[in-house]
Amino acid sequence: MNIFYTLDILGTVAFAISGTLAAMHKRLDLFGVFIIAFVTAVGGGTLRDILIDRTLVSWMQDLNYVYAIIIATIFAIIIRKKIAYLRTSLFLFDTIGLGIFTIIGAEIGIQQELHPVITIILGTLTATFGGVLRDILCNEIPVIFKKEIYAMACIAGAITFIILSNLEINTNTNHIITILIVIVIRLIAIKFKLSLPTLIIENKS
Amino acid sequence: MNIFYTLDILGTVAFAISGTLAAMHKRLDLFGVFIIAFVTAVGGGTLRDILIDRTLVSWMQDLNYVYAIIIATIFAIIIRKKIAYLRTSLFLFDTIGLGIFTIIGAEIGIQQELHPVITIILGTLTATFGGVLRDILCNEIPVIFKKEIYAMACIAGAITFIILSNLEINTNTNHIITILIVIVIRLIAIKFKLSLPTLIIENKS
Amino acid sequence: MNIFYTLDILGTVAFAISGTLAAMHKRLDLFGVFIIAFVTAVGGGTLRDILIDRTLVSWMQDLNYVYAIIIATIFAIIIRKKIAYLRTSLFLFDTIGLGIFTIIGAEIGIQQELHPVITIILGTLTATFGGVLRDILCNEIPVIFKKEIYAMACIAGAITFIILSNLEINTNTNHIITILIVIVIRLIAIKFKLSLPTLIIENKS
């Protein structure tokens, strides 16, 4: 469980950095950058907690998330001119974060005995909604809707996690396999430039 | 009640199709289209459930909504080039959905013994918030704020529903009259090109 | 407590007017103007109530907020051409609203025995989120992220309020000092054109 918590914090850090970068590209001020970082990192978990009516959302109960976000944001601001060199590490963190957040969401769905389909939605939403909020606040159409295979990786991860849970596989093994699935799908998608088809419709007539 | 449930599913279908069309106009990918369809269909009900602190939002408890949305979205994607021919049916479904969702929201307000004004707001919000989210995600100013008499139809519907409930009219009769009110107001507004006045203010000085 | 309630209503009125002005600048219709006014005025408190899982959000329990918003919006619409003359009063109300809303959020954080850092976040969020929603609905990047020292005033106010609460200062004195801190910081920031640094990052390479 300790490894899991560490990975959770790492995922939060990765998402906070991704929010910081997006906010700096939009030339927001220091406060704006912190807010976008915060929202990107906790947005998915917050929506999940609200939907399942948890008494207090997670980041209100464990301050380590807030500290992790603040440190990650300051770090990203300081090294912002060299961030290109970290691209690979960032991508890895971000994808691990995606996998972890998918697992956390799906695990709660299983605990609450929700239908598997709802559990998959809950996992995917936990993983992706922070990024959606980041893009809305930056006044962009969420990137996830446009070109990344991002969400498909989460859905595949959630399905894997649910199947392995039903097979009563050891929890750590399950977590590792699920995260690997998410990472592999994203890597393959990027390597082969896979993307979902865009559906074009004629202009309003 | 069975008729009501059927109409509820029909309304969900209509809203999902309206979301699908909006997303295709924005050239989103397949996943984006599904998300916008989903959000348009369940957004209003979800906000309502969150505001009244329901333990679990509706679509998490009854999977039929999710299936209805998936089928409606696939259907709309397949027939997307011929959708113009369905314009009238779509408009009818959409307006029925509007009426149904207004009733569901207002009914919950009455059950929770909220003040009639709050009940009207809850009904209107249940009916319209999905469309607002659809437009925000598509990076547009919500259409409801700009030209449609849309919300006025909901407000009139909610008022009718509350009055008839207080008069203890038979529930089915009440539902039918309320939905008819919503449909008639929208039809009249479109027929006579009615819209609310736009308030213009001088530019910031 | 009566003074506090009066100030709370005044803050709501100020926020509703600020929403009305923003909506009229975007040439929304009458309904859109009301919605933006409403959302600006109650958005922060609603998010706060949802995050702490309050059974029913505040404005659903006390109709005076709704009436205050409706009256303020009608007032702002009527005098819209002369609103420039009221700029100073508006700014004062708006800042008082900011202070009050910060206090209300922080007070709930203290009652719920949240960590001071979370309490500061809750106060700031209560005060600022209505404006963020206003800007999202108007399809703008929230102004708070870009140039105003707005949020810093709230954070300073929340810190002041928490310290004075711990010192067990008389409640009314605490409220007045906190509000004055918020007002003074905003005035100084505007007077000396202070703003947080904008972090610029090179374009995506």
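Cut-off values and rules
- Residues numbered from 1 in each chain as written.
- Chains lettered and ligands numbered in written order.
- Predicted model: local features only at pLDDT ≥ 70, side-chain atom pairs only at ≥ 80, totals over all residues.
- Helix = DSSP H or I, 4+ residues; strand = E, 2+ residues; numbered from the N terminus.
- Buried ≥ 20, exposed ≤ 12 C-beta atoms within 10 Å, placed from the backbone.
- Contact = placed C-beta atoms within 7 Å.
- Least-squares fit on C-alpha atoms with pLDDT ≥ 70 in both.
- Expected span 1.5 Å × (residues − 1).
- Core = buried A, V, L, I, M, F, W, Y, C linked by C-beta atoms within 7 Å.
- Axes fitted to C-alpha atoms, helices over the stretch in contact; angles between N-to-C directions.
- Parallel < 35°, antiparallel > 145°, perpendicular 65-115°, else oblique.
- Left-handed = near helix turned anticlockwise from the far one by under 90°.
- Nonpolar A, V, L, I, M, F, W, Y, C, P; charged D, E, K, R; others polar.
- pLDDT = per-residue confidence, 0-100.

**Q** How should the overall build of chain A be read in this particular structure?
**A** In terms of helices and strands, chain A carries eight helices and zero strands. Going from the N terminus to the C terminus, chain A shows its helices and strands as α-α-α-α-α-α-α-α. Within chain A, buried positions represent 54% of all 205 residues. Considering only contacts in chain A between residues 6 or more positions apart, those separated by 24 or more positions represent 69%.

**Q** Whenever I open this one, the relation of the copies chain A and chain C confuses me. Can you help?
**A** The relation between the two chain copies is a rotation about an axis coupled with a shift along that axis. Least-squares fitting of chain A to chain C yields an RMSD of 0.0 Å, with the superposition described by an axial translation of 0.0 Å and a rotation of 120°. Given the turn and translation reported, the copies of this chain are related as if by a three-fold rotation axis. A low fraction, 15%, of the interface residues of chain A reappear at the interface in chain C, so the copies pair through non-equivalent surfaces.

**Q** I tried to follow the environment of Ile179(B) on my own but got confused; where do I start?
**A** All names here are of chain B. Among the secondary structure elements, Ile179 is positioned in helix 8 (residues 171–191). Separated by 80 residues in sequence, Ile179 and Gly99 have C-alpha atoms that sit 4.7 Å apart. In this structure Ile179 touches Ile96, Gly99 and Ile100, once residues within four positions along its chain are discounted.

**Q** What is the right way to read helix 7 (residues 150–166) of chain C from this model?
**A** Every α-helical turn comprises 3.6 residues, leaving residues that sit three or four positions apart pointing alike. Residue and element names in this part refer to chain C. For helix 7, spanning 17 residues, the distance from its first C-alpha to its last is 25 Å, which sits close to the expected 24 Å at 1.5 Å a residue. In terms of burial, helix 7 is a largely internal element, twelve of the 17 residues being buried. Listing the buried residues of helix 7 in full gives Tyr150, Ala151, Met152, Ala153, Cys154, Ile155, Ala156, Gly157, Ala158, Thr160, Phe161 and Ile162. In the segment just after helix 7, Glu168 is the residue with positive phi, at about 55°.

**Q** Please clarify how unusual backbone geometry should be interpreted in this entry.
**A** Peptide bonds are, in most cases, trans, and in most cases residues other than glycine have a negative phi. Even without being a glycine, Arg27(A) presents a positive backbone phi close to 60°. By the element assignment, Arg27(A) lies in the loop between helix 1 (2–25) and helix 2 (30–51).

**Q** Explain the nonpolar core here, please?
**A** If you look at soluble globular proteins, the nonpolar side chains tend to sit buried side by side. Counting 207 residues, the largest nonpolar core has Ile36(A), Ile36(B) and Ile36(C) as the members making the most contacts within it. With near-sequence residues (within four places) excluded, Ile36(A) lies in contact with Gly19(A), Ala22(A), Ala23(A), Leu28(A), Arg134(A), Leu137(A) and Cys138(A).

**Q** Would you mind going over the interface of chain A and chain C with me for this structure?
**A** Accessible area lost during the coming together of the parts is what is often quoted as the interface size. Residue-level contacts link 27 residues of chain A with 26 residues of chain C. At the level of elements, helix 1, helix 2, helix 4 (64–78) and helix 6 (116–137) of chain A are the ones that each hand at least two residues to the side of chain A that touches chain C. Considering each element in turn, the side of chain A that touches chain C owes the most residues, six residues, to helix 2 of chain A.

**Q** Quick question: what am I supposed to make of the packing of helix 2 of chain A against helix 4 of chain A here?
**A** Packed helices, taken two at a time, are described by the angle their axes make and the gap between the axes. All names here are of chain A. Their axes nearest at 10 Å, the elements helix 2 and helix 4 cross at an angle of 130°. The angle between the axes of helix 2 and helix 4 places the two elements in the oblique class. Note on packing geometry: the crossing formed by helix 2 with helix 4 is right-handed. Where helix 2 abuts helix 4, its residues Val33, Phe34, Ala37, Phe38, Ala41 and Val42 lie against Tyr65, Ile69, Thr73 and Ile77. Among the residues forming the contact of helix 2 with helix 4, the class breakdown is nine nonpolar, one polar and no charged.

**Q** Honestly, the confidence of the model for chain A in this entry has me stumped. Any pointers?
**A** Should the pLDDT be low somewhere, the predicted coordinates at that spot are not to be read in detail. Confidence along chain A averages 84 in pLDDT terms, with 88% of residues attaining 70 or more. Here the complex is predicted with pTM 0.82, and the ipTM for its interfaces comes to 0.75.

**Q** Looking at this model, I keep getting lost on the environment of Asn170(B). Mind explaining?
**A** Residues and elements named next belong to chain B. Tracing the backbone shows Asn170 in the loop between helix 7 (150–166) and helix 8. Exposure remark for Asn170: the 9 C-beta atoms within 10 Å place this residue in the exposed category. Along the primary structure Asn170 and Val182 are separated by twelve residues, whereas in three dimensions their C-alpha atoms are 19 Å apart.

**Q** Can you walk me through the environment of Gly45(B) in this structure?
**A** Residue and element names in this part refer to chain B. Positionally, Gly45 belongs in helix 2 (residues 30–51). Taking the C-beta count within 10 Å as the criterion, Gly45 has 26 such neighbours and is therefore assigned buried. Considering only alpha carbons, one finds Gly45 and Ala14, 31 residues apart in sequence, at a separation of 15 Å. Apart from the residues lying within four places of it in its own chain, the contact partners of Gly45 are Ser58 and Thr126.

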